[in-house]
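An overview of the molecular structure
The residues making up each chain are set out below.
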Amino acid sequence: MAEVGSWNNVGYLNLASFDYIDQSKIASIDGVTFPYSVVADISTIYVIGTTTTKPRISTNYGASFADISTGTLATSRSATGHQNGTYQYTITTDRKNIIVNGYSGTTSHVSRSHDGGSTWDVSMYSSVIFDFQGMSRDASYAYVGEWTYPTYLRSTNRGYSFTSSGGFGGSLGPLNFAVSNDGRYVYTGTPNISSAPYSSSDYGVTFAAAGTTTGQHKLVSCDGSGQYVWAWYTGTHGAWLSTNYGVSFSRISNASGACYAGMFNDMSLLFYGQVTSGDASAGLWVSTNQGGSWTRITWPSGWAAATTNVSWSAEKKRVFISQSTANKSVYKLNDTYSGWDLLTTMDVNVYGVPGTSEYRDEIAVADASYNVYNVNASTGARTFIYSHGAPVIPSIF
């Protein structure tokens, strides 16, 4: 277990060495505040989403799993690996506050935990199946939405409760959310609205159409400050970049067709994956100068662009590619951002998109036999953690 606090040479407690301080439980004596409750060395947390049972969680490095309480609902939509842009059913920003969406039939729930997954309750039920989530880094602000429903829900209390907060025009809602570290800037991808995406600069209180782009079915991602914003497309409209908090967007010249796009939180790397089959510009394009210039990295030999999934860790500064049900290999972008390193080769084909972590240099990979493995993102060492009788997609925190 990691050290929980230390004393300096003049007898004062060094708060900087605490792994986690629960700011909701602060005591004060003679005007001096100190942590009342401390959670140290939080284990790797896995959330396993399935289509046949309740979502499951492990808080002990995968040694054991337990059902997440979903109240009266028996099944859950798949949990999805962090930072792949679509279908974010599970999200956490500090490994203590976790929100999981799920559904049974046409009724959905939002389950929440505020102690690292040890205990759960249901924040709300809805007749709308919510697919998408976003959360600020300190978990103060959280959002859930669904693209067929014109209203999004907003929480200002770490997911304890949600309120309806308006819509985005027309009859459709958000495709996904991207949130700045402090929660002030929130962006949403939207379907079938050619002037979107939408943006908020007031912590999600109000949204307005961001700078005009071309095409539909937009997804979004942003850096930690919220200044740099991608609007990207899984269809035929490429990737568009804003450097001014979504006020205006410019289409990246080589980004045609279907794309995935992201960046590291500190903007040390900006990238988009061109995944249209047969496109002469297919590959991962990277920029180390905030979009000033771009370098193309071709896909690995024999790699099929059209089935490529791109996922990443914005904090650990990792980019991964895989092909669901089509390839056994997972590659990572090398440390010089110039090519691919083979990370691991599974026994059978990869299933879904690997889950990435913002806290540990690890990913969670499911295979087509519905087994889940932890893979060390530095060494490629693979450890079995879970098996299920139906398709599973893991999240790792």
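Criteria and cut-off values
- Residues numbered from 1 in each chain as written.
- Predicted model: local features only at pLDDT ≥ 70, side-chain atom pairs only at ≥ 80, totals over all residues.
- Heavy atoms only, no water.
- Helix = DSSP H or I, 4+ residues; strand = E, 2+ residues; numbered from the N terminus.
- Contact = heavy atoms within 4.5 Å.
- Areas by Shrake-Rupley, 256 points an atom, 1.4 Å probe, with all protein chains shown as cover.
- Phe/Tyr/Trp six-rings, centres within 6.5 Å; stacked < 30°, edge-to-face > 60°.
- Lys NZ or Arg CZ within 6 Å of the ring centre and 35° of its normal.
- Buried < 20%, exposed > 50% of the residue type's maximum accessible area, 1.4 Å probe, protein only.
- Salt bridge = Lys/Arg side-chain N within 4 Å of Asp/Glu carboxyl O.
- Pairing = 2+ DSSP bridges.
- Core = buried A, V, L, I, M, F, W, Y, C linked by side-chain atoms within 4.5 Å.
- pLDDT = per-residue confidence, 0-100.
- Polar contact = N/O pair within 3.5 Å; in protein donor to acceptor, adjacent residues only side chain to side chain.

1. Here we look at the overall build of the protein
When helices and strands are counted, the protein shows zero helices and 36 strands. For the protein, long-range pairs separated by at least 24 residues make up 43% of all intrachain contacts whose partners lie at least 6 apart in sequence. Total accessible area on the protein stands at roughly 15300 Å², and carbon and sulfur atoms take up 48% of it.

2. What to know about the packing of aromatic side chains
Describing an aromatic ring pair means giving the distance of the ring centres and the angle of the ring planes. Considering all chains together, one arrives at 17 aromatic pairs under this definition. Ring centres 5.7 Å apart and planes at 75 degrees place the aromatic pair Tyr373 and Phe384 in the edge-to-face group. A residue pair is termed long-range when its members are at least 10 positions apart, and Tyr373 in strand 34 (residues 371–376) and Phe384 in strand 35 (residues 382–387) qualify at eleven residues. Taken together, the ring pairs connect Trp230, Tyr272, Trp285 and Trp294 into an aromatic cluster. When the ring centre of Tyr373 is taken as reference, the NZ or CZ atom of Arg382 above it lies at 5.0 Å.

3. Things to note about the environment of Val286
Examined against the element boundaries, Val286 turns out to sit in strand 26 (residues 283–287). Of the residues examined, Val286 reaches a relative accessible area of 5% and is grouped as buried. Sequence-wise, Val286 and Gly262 are 24 residues apart; in three dimensions their C-alpha atoms are separated by 9.9 Å. In contact with Val286, other than residues within four places in its own chain, are Leu269, Leu270, Phe271, Ser293, Trp294, Thr295, Ile297, Leu333 and Tyr337.

4. A look at the pattern of salt bridges
Tallied over the full model, the rule gives seven salt bridges. Among the ionic pairs, Arg112 bridges to Asp121, the shortest N-O distance being 2.5 Å. According to the relative accessible area criterion, Arg112 is buried, its value standing at 11%. The partly exposed category is assigned to Asp121, whose relative accessible area is 33%. The network of salt bridges with shared partners includes Arg318, Asp335 and Asp361.

5. Comments concerning the sheet that holds strand 21 (residues 229–233)
One open sheet accounts for four strands, arranged 20-21-22-23; its pairing is antiparallel. At either margin of the open sheet sits one strand with a lone partner, and together these are strand 20 (218–222) and strand 23 (250–251). Pairing of strand 21 with strand 22 (residues 239–242) involves four bridges; the strand directions are antiparallel. Residue Trp232 lies in a different strand from strand 22, and its bridge partner there is Ala239.

6. A short note on the pairing of strand 35
One ladder, built from five bridges, connects strand 34 with strand 35; its direction is antiparallel. Paired with Tyr373 across the strands is Phe384, a residue of strand 35. Connecting the antiparallel pair strand 34 and strand 35 is a turn made up of five residues, with Gly380 showing a positive phi of about 80 degrees.

7. Observations regarding the sheet that holds strand 6 (residues 56–58)
Within a beta sheet, neighbouring strands are joined by backbone hydrogen bonds and run either parallel or antiparallel to one another. Spatially, four strands are ordered 7-6-5-36 in an open sheet, and the strand pairing comes out antiparallel. Unpaired on one side and paired on the other, strand 7 (66–67) and strand 36 (392–396) mark the two borders of the sheet. Sheet topology places strand 6 next to strand 7; two bridges connect them, and they run antiparallel. Note that in strand 7 the partner of Arg56 across the bridge is Asp67.

8. Examining the nonpolar core
Formed by 44 residues in total, the largest nonpolar core has its most connected members in Trp230, Phe271, Trp299 and Val319. Counting twelve residues, the second-largest nonpolar core is a separate cluster that includes Phe130, Val144, Leu153 and Phe162.

9. Brief notes about the pairing of strand 20
For strand 20, a buried count of five out of five residues is recorded, marking the element as mostly surrounded by other parts of the structure. Sheet topology places strand 20 next to strand 21; five bridges connect them, and they run antiparallel. Bridge pairing links Ser221 to Trp230 in strand 21. Once strand 20 ends, the chain turns through six residues before running back antiparallel as strand 21, passing Gly226 with a positive phi of about 85 degrees.

10. Some details on the confidence of the model for the protein
When the pLDDT values of the protein are averaged, the result is 78; 77% of them are 70 or greater. Overall, residues 1–41 carries pLDDT values under 50, and its contacts beyond four positions in sequence, including any with other chains, amount to 53 contacts.

11. Comments concerning unusual backbone geometry
In this structure, Tyr245 takes a positive phi of about 60 degrees despite not being glycine. Its place among the elements puts Tyr245 in the loop between strand 22 and strand 23. On the accessibility criterion, Tyr245 (32% relative accessible area) is partly exposed. The residue Tyr337 is not glycine, and still its phi comes out positive at about 55 degrees. Judged by relative accessible area, Tyr337 falls into the partly exposed class, the value being 21%.

12. Thoughts on the side chain of Ser111
Topologically, Ser111 is positioned in strand 10 (residues 107–113). Relative accessible area serves as the criterion here: at 0%, Ser111 is assigned to the buried category. A polar contact of 2.8 Å, which involves the side chain of Ser111, links it to the backbone oxygen of Ser69.

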